[in-house]
Amino acid sequence: MTADQTPAAPLPVESTRVLIIGAGPAGAVAAALLNQRGHQVLVLERQQFPRFSIGESLLPQSMAFLEQAGMVEAVAAAGFQYKDGAAFRRNGQYTDFDFTDKFSAGPGTTYQVQRARFDQVLADEAARQGVEIRYQHSIIAADMARPRPLLTVAADDGRCYQVEAEFVLDASGFGRVLPRLLDLETPSGFPTRQSIFTHIEDGISDPAYDRNKILISVHPERPDVWYWLIPFPNGICSLGVVAEASFFAALDGDNEAKLRALIGAEPDLARLLANARLPNPVNTIHGYAANVKTLCGDNFALLGNAGEFLDPVFSSGVTIALKSATLAAAALDRQLRGEVVDWQADYARPLKRGVDTFRVYVEAWYDGRFQQVIFHPEQQPAIKRMVCSILAGYAWDESNPYAADAPRRFAVLAELCAQP
Ligand SMILES: Cc1cc2nc3c(=O)[nH]c(=O)nc-3n(C[C@H](O)[C@H](O)[C@H](O)COP(=O)(O)OP(=O)(O)OC[C@H]3O[C@@H](n4cnc5c(N)ncnc54)[C@H](O)[C@@H]3O)c2cc1C
């Protein structure tokens with residue numbers, strides 16, 4: 001706690017077994033799982049829900065985690081856009097992956113979601129199951145050196161208090177509360193990328209356009225610059241462009257002018273969106289790739305984006321967040337029952353195995369090798385199914401050679417696809 005945050009008078013102190021920072025997907029699912037196992041959980045969320053969040057295209061693997069948390073029915077009832085795959089377009093070429101035709105067992109379909117609504121559905125479901133969530137309560141300081149961590153909370157109504165817990169799960173997303181307070185942040189290995197994005201009235205009339213898939217388009221001259229088009233119901237799409245920050249800086253005009261110019265630069269996208277309207281502000285986010293020195297300590301673990309965030313290209317963020325929540329909840333359940341838990345072995349390393357698999361494919365996307373593989377004219381169905389599993393989020397499936405041994409397997413595949 002810094003001097004200017006130290007309150008003058010002693011603050012009221014509450015107590016809970018598990019304190020979760022943030023009610024996004026990672027926090028809500030971890031809370032529900034621990035509550036189901038009979039543990040007292042308190043979730044403190046800085047904002048009032050519903051609130052905007054970026055990250056709207058889910059992967060089918062995430063449905064298995066929502067099932068464990070007892071949330072699938074609530075999500076299915078919310079009327080989100082059905083999703084069964086991913087399509088890619090580059091210089092007139094088109095290829096797609098049908099997630100139901102994949103190597104790994106498990107769900108093959110999912111949803112594209114307006115996150116304000118989706119995150120509220122998950123948080124409401126956790127609350128319905130019995131979790132206490134307090135909105136507009138921000139964690140502003142943390143003393144983790146004590147046997148029972150003590151966190152300081154500022155509520156939007158002006159109240160300040162402290163909460164003592166046996167264990168803290170930091171699910172604060174880009175807020176990255178404990179990494180900042182405990183000086184755990186390290187730079188990501190990726191360059192500083194930026195995204196500009198908005199929700200459009202898409203006006204798409206092309207009957208060949210597949211609304212059940214996310215469409216990733218590659219800039220004709222810059223293979224490291226890409227667009228997402230994520231359909232929602234009622235003719236609305238999320239549209240965004242990702243590039244290095246210096247690329248956007250070199251474009252003229254405000255974010256809307258830049259987005260319009262970039263749509264115009266990709267002829268297939270320009271044709272598809274010829275009748276689109278941009279009624280909403282074009283927003284931007286940059287420098288989101290992040291890493292940490294450690295994902296856990298004696299009395300805390302970092303979930304989802306509060307730990308590492310790689311890159312949005314394969315829509316893996318929510319899936320990783322939910323995987324981290326299920327792994328952490330299982331380890332913490334055992335610890336709260338008196339077992340000895342090795343958090344590195346039981347949480348950090350298993351989580352990182354899948355994240356590192358995604359990393360292989362993300363790096364290969366930006367250096368062009370993954371694009372060479374997916375646009376290759378001769379696709380081997382068995383291999384495509386294994387790669388499809390990764391794209392569907394099954395990066396932890398060790399029975400898939402392209403997950404278990406991703407660097408070597410992918411390098412061989414890329415080598416083959418590079419040959420004329
Ligand atoms: C450009 C871009 C596009 C993306 N596209 C996708 C995609 O298509 N699909 C996908 O799966 N992922 C995508 N992602 C990633 C996705 O946004 C995140 O991975 C996901 O939201 C992480 O969930 P989370 O639960 O860890 O954190 P969040 O959803 O960010 O939730 C964290 C919560 O913590 C709260 N909080 C923060 N600080 C405090 C505090 N001090 N006290 C209390 N509460 C606090 C916040 O208010 C927030 O509600 C994208 C990311 C970017 C940058």
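Up top you'll find the structure we're talking about.
Everything numeric here is computed off the predicted structure, so don't read it as measured data.

1. Here we look at the overall build of the protein chain
Inference 1: Looking only at helices and strands, the protein chain features 14 helices and 18 strands.
Inference 2: Compactness check: the protein chain gives a C-alpha radius of gyration of 22 Å against a globular reference of 22 Å for 420 residues, within 12% of the reference.
Inference 3: By its C-alpha atoms, the protein chain is 65 × 45 × 40 Å across when sized along the principal axes.
Inference 4: Here the protein chain, with 420 residues, has 56% of them falling under the buried criterion.
Inference 5: Taking as baseline every contact in the protein chain between residues at least 6 positions apart, the subset at least 24 positions apart corresponds to 73%.
Inference 6: Summed over all atoms, the accessible surface of the protein chain reaches about 16900 Å², with 50% contributed by carbon and sulfur.
Inference 7: For the protein chain, the separation between the mean place of its 38 positive charges and that of its 49 negative charges on side chains is 2 Å.

2. Digging into the site of the ligand
Inference 1: As a matter of local geometry, the ligand sits amid 35 residues, with Glu45, Ile54, Ser57, Asn305 and Val318 nearest to it.
Inference 2: Here an oxygen atom of the ligand and a side-chain polar atom of Glu45 are 2.6 Å apart.
Inference 3: Gln47 has a polar side-chain atom sitting 3.1 Å from an oxygen atom of the ligand.
Inference 4: The protein chains hide 96% of the 1000 Å² of surface that the ligand would expose on its own.
Inference 5: The residue makeup of the shell around the ligand, split by class, is 15 nonpolar, 15 polar and 5 charged.

3. Notes on the sheet that holds strand S5 (residues 93-98)
The strands making up a sheet associate through backbone hydrogen bonding, with each pair oriented either parallel or antiparallel.
Inference 1: Pairing is mixed across the open sheet formed by 7 strands, whose spatial order is S5-S4-S13-S14-S15-S12-S16. Strands with a single pairing partner mark the edges of an open sheet, and in this sheet they are S5 and strand S16 (283-286). Neighbour-to-neighbour, the strand axes of this sheet turn through a mean angle of 20°, independent of strand direction.
Inference 2: Where strand S12 (residues 193-201) lies against S16, 4 bridges are found, and the strand directions are antiparallel. Within S16, the residue paired with Ile196 across the bridge is Thr284.

Cut-off values and rules
- The written sequence of each chain sets the order in which its residues are numbered from 1.
- A pLDDT threshold of at least 70 governs which residues receive local features in this predicted model, and a stricter bar of 80 or more applies before side-chain atom pairs are shown or counted, although totals over entire chains, interfaces and linings include all residues.
- With hydrogens and water stripped out, all remaining heavy atoms of the structure feed into the side-chain values.
- In DSSP terms, a helix is any run of H or I states spanning at least four residues, a strand is any run of E spanning at least two, and both are numbered starting from the N terminus.
- Note on method: radius of gyration uses C-alpha positions; expected globular size equals 2.2 Å times residues raised to 0.38.
- We call a residue buried when its accessible area falls under 20% of the maximum for its residue type, exposed when it is over 50%, and partly exposed in between, using a 1.4 Å probe and counting protein chains only.
- By definition, residues are in contact when any of their heavy atoms lie within 4.5 Å.
- The method behind every accessible area is Shrake-Rupley, applied with a 1.4 Å probe, and residues are considered shielded solely by the protein chains displayed.
- A positive count includes Lys and Arg, and a negative count includes Asp and Glu. His and the chain ends are not counted in either.
- Charge coordinates come from a single atom per side chain, which is NZ of Lys, CZ of Arg, CG of Asp or CD of Glu.
- It suffices for a single heavy atom of a residue to lie within 4 Å of a molecule or strand for the residue to be listed as near it.
- Under the rule applied, a polar contact is a pair of N or O atoms within 3.5 Å (in protein, one hydrogen donor and one hydrogen acceptor; residues adjacent in sequence only if both atoms are side-chain atoms).
- Each residue is assigned to one class: nonpolar for Ala, Val, Leu, Ile, Met, Phe, Trp, Tyr, Cys and Pro, charged for Asp, Glu, Lys and Arg, and polar for all the others, Gly among them.
- When DSSP locates at least two bridges between a pair of strands, those strands are taken to pair.
- Helix axes use the C-alpha atoms of the stretch in contact, all axes being lines fitted to C-alpha atoms, and the angles between their N-to-C directions lie in the range 0 to 180 degrees.

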